[in-house]
Amino acid sequence: MLAPVILLFLVYIVIPVVMAFYYSFTDFTGIGKPNMIGFTNYQRLFQDDVFYTALKNTGIILALSLVLIVPGSFGLSLLLNRKIRGSKLMQALCFSPNIISPILVGLIWVFILDPQIGLINALLRAAGSSWQPQWIGGRVFTPYCVAVIFLWQTLGYNATIFLAGIRGVPRELYEASSIDGASGAQQLRYITLPMIRQTIVIVMLLVITGCFKIYEIVYQLTNGGPNHLSETLVTYMYYSTFTSSRYGYGMSIASVAFLLSAIFAAVYIYFAKENVGGDAE
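Residues numbered from 1 in each chain as written. Predicted model: local features only at pLDDT ≥ 70, side-chain atom pairs only at ≥ 80, totals over all residues. Heavy atoms only, no water.

**Here we look at the overall build of the protein**
Along the backbone of the protein there are 13 helices and zero strands. With the principal axes as the frame, the protein shows a C-alpha extent of 70 × 60 × 35 Å. Residues classed as buried in the protein amount to 38% of the 281 residues present. Total accessible area on the protein stands at roughly 16,200 Å², and carbon and sulfur atoms take up 67% of it. (Helix = DSSP H or I, 4+ residues; strand = E, 2+ residues; numbered from the N terminus. Buried < 20%, exposed > 50% of the residue type's maximum accessible area, 1.4 Å probe, protein only. Areas by Shrake-Rupley, 256 points an atom, 1.4 Å probe, with all protein chains shown as cover.)

**Re the packing of helix α7 (residues 142-167) against helix α10 (residues 197-211)**
Here α7 crosses α10 at 160°, and the two axes come no closer than 10 Å. The pairing of α7 with α10 is recorded here as roughly antiparallel in orientation. Handedness of the α7/α10 crossing: right-handed. Note on element contacts: α10 touches α7 through Thr199, Ile200, Val203, Leu206, Val207, Gly210 and Cys211, opposite Phe150, Tyr157, Asn158, Ile161, Phe162 and Gly165. Its residues assigned to classes, the contact of α7 with α10 shows nine nonpolar, four polar and no charged. (Axes fitted to C-alpha atoms, helices over the stretch in contact; angles between N-to-C directions. Parallel < 35°, antiparallel > 145°, perpendicular 65-115°, else oblique. Left-handed = near helix turned anticlockwise from the far one by under 90°. Contact = heavy atoms within 4.5 Å. Nonpolar A, V, L, I, M, F, W, Y, C, P; charged D, E, K, R; others polar.)

**Description of the layout of surface pockets**
Here the largest pocket defines a volume of roughly 630 Å³. If you trace the largest pocket, you find 25 residues lining it, with Val17, Lys213, Ala254, Ala257 and Phe258 closest to the centre. Per element, the largest residue contribution to the lining of the largest pocket is ten residues, and it comes from helix α13 (residues 247-280). In the lining of the largest pocket, the residues fall into 20 nonpolar, four polar and one charged. Volume-wise, the second largest pocket comes out at about 510 Å³. Along the wall of the second largest pocket there are 18 residues; nearest its centre are Leu78, Asn81, Ile166, Arg171 and Tyr174. Considering every element that reaches the lining of the second largest pocket, the biggest residue donor is helix α9 (residues 184-195), with five residues. (1 Å grid on protein atoms, 1.4 Å probe; cavity = no way out; pocket = protein on both sides within 12 Å on 5 of 7 lines; lining within 4 Å. Points joined across faces, edges and corners; volume = space filled by probe spheres on them.)

**Here's the deal with α10**
When the terminal C-alpha atoms of α10 are compared, their 21 Å separation across 15 residues agrees well with the 21 Å that a helix rising 1.5 Å per residue should span. Every buried residue belonging to α10 is among Thr199, Val201, Val203, Met204, Val207, Ile208, Gly210 and Cys211, and all of these are buried. (Expected span 1.5 Å × (residues − 1).)

**Remarks on the packing of helix α3 (residues 49-80) against α10**
Relative orientation of the contacting elements α3 and α10 amounts to 150°, with a least axis distance of 9 Å. The angle between α3 and α10 falls in the class roughly antiparallel. Here α3 and α10 pass one another in a crossing that is right-handed. For the pair formed by α3 and α10, the contact residues are Thr58, Ile61, Leu62, Ser65, Leu66, Ile69, Val70 and Ser73 on the first element and Val203, Met204, Val207, Ile208 and Cys211 on the second. Its residues assigned to classes, the contact of α3 with α10 comprises ten nonpolar, three polar and no charged.

**A look at the side chain of Ser77**
Residue placement: Ser77 occurs in helix α3. In this structure Ser77 comes out as buried when scored by relative accessible area, which is 0%.

**Quick look at the packing of aromatic side chains**
Any aromatic ring pair is given by two values, namely how distant the centres are and how the planes are angled relative to each other. The final tally for this structure, using the stated rule, is 21 aromatic pairs. When the centroid spacing of 5.3 Å and the interplanar angle of 85° are considered together, the rings of Tyr23 and Tyr247 count as edge-to-face. Pair noted here: Tyr23 is in helix α1 (residues 3-23) and Tyr247 is in helix α13, with a separation of 224 residues, a long-range link. Judged by relative accessible area, which is 16%, Tyr23 ranks as buried. With a centroid separation of 5.1 Å and an interplanar angle of 45°, the aromatic rings of Tyr215 and Tyr238 are classed as tilted. In this pair, Tyr215 is assigned in the loop between α10 and α11 (216-221) and Tyr238 in helix α12 (residues 233-243), connecting sequence segments 23 residues apart. (Phe/Tyr/Trp six-rings, centres within 6.5 Å; stacked < 30°, edge-to-face > 60°.)

**Focus: the side chain of Ser261**
The topology assignment puts Ser261 in helix α13. Every residue in contact with Ser261, bar those within four places of it in the chain, is listed here: Ile208, Thr209 and Phe212.

**Examining the state of the cysteines**
Taken as a whole, this structure holds zero disulfides when the rule is applied. With no disulfide partner, Cys145 has as its closest neighbouring cysteine sulfur the one in Cys211, 15 Å distant. In this structure Cys145 comes out as buried when scored by relative accessible area, which is 8%. (Disulfide = S-S within 2.5 Å.)

**Here we look at unusual backbone geometry**
Most peptide bonds are trans, and most residues other than glycine sit at a negative phi. In this chain, Gly225 is followed by Pro226 through a cis amide linkage whose omega measures -5°. Look at His228: it is not a glycine, yet its phi comes out positive at around 65°. Tracing the backbone through its elements, the reader meets His228 in the loop between α11 and α12. Of note, the phi angle at Ser245 is positive, near 60°, even though the residue is not glycine. For Ser245, the position within the fold is in the loop between α12 and α13.

Printed below as a string of structure tokens:
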């Protein structure tokens, strides 16, 4: 019964990852026969200023996403869980940004954040303000804006996951705690959060892996420019592989991104299990 799923997983996940690691040790350009060159691509990688810029931008996006998306989506799920008029409509509206293609999400936000034609700077100019930042395409604000856009796109999706976890908590626990005089904050701390630990782990992992896969938003906003200042690991990998025809070098970037994502996820899972074990004891 599992054979078809395992076969698909091997063909579309495991084998491509293995091939990427293999090509990262070659000078392959996408044409011809690859030649093994050992760790040369990785040596060049860690001497590449653009790679460090992409790594820094990815790190900023990841840190802001963890700080904003996880508590934000949890708080939103608590609001959506309230039985009030129009709650179903609000759930649909909150989830709707996730069904929009990422390339269209980037296009929407271009008209909001572009320094010349964007809505925000247009409002600042109309208000007579001389402060009109370069929200995208500059040295400072681009990764922060990408994190905000990623938040806007995924907040409702992660809130839906939290909402499913919250609704899976037995109502009898809340009823019994109410009889004992527990407040809403106490129910949240001692019932809701412990009962949805696995849901929190899932959302955290989705955020971590999602940040290492952001491509379309950055491509539409700035295409990594100007002068590679707004590159992320994935956009720089794409540029190196398909624009510069340095397939082996691009695969070394992809391999580093994959390893970093796996390490962050593994470390979080380890500490999450340790905390659960400690609470159980």
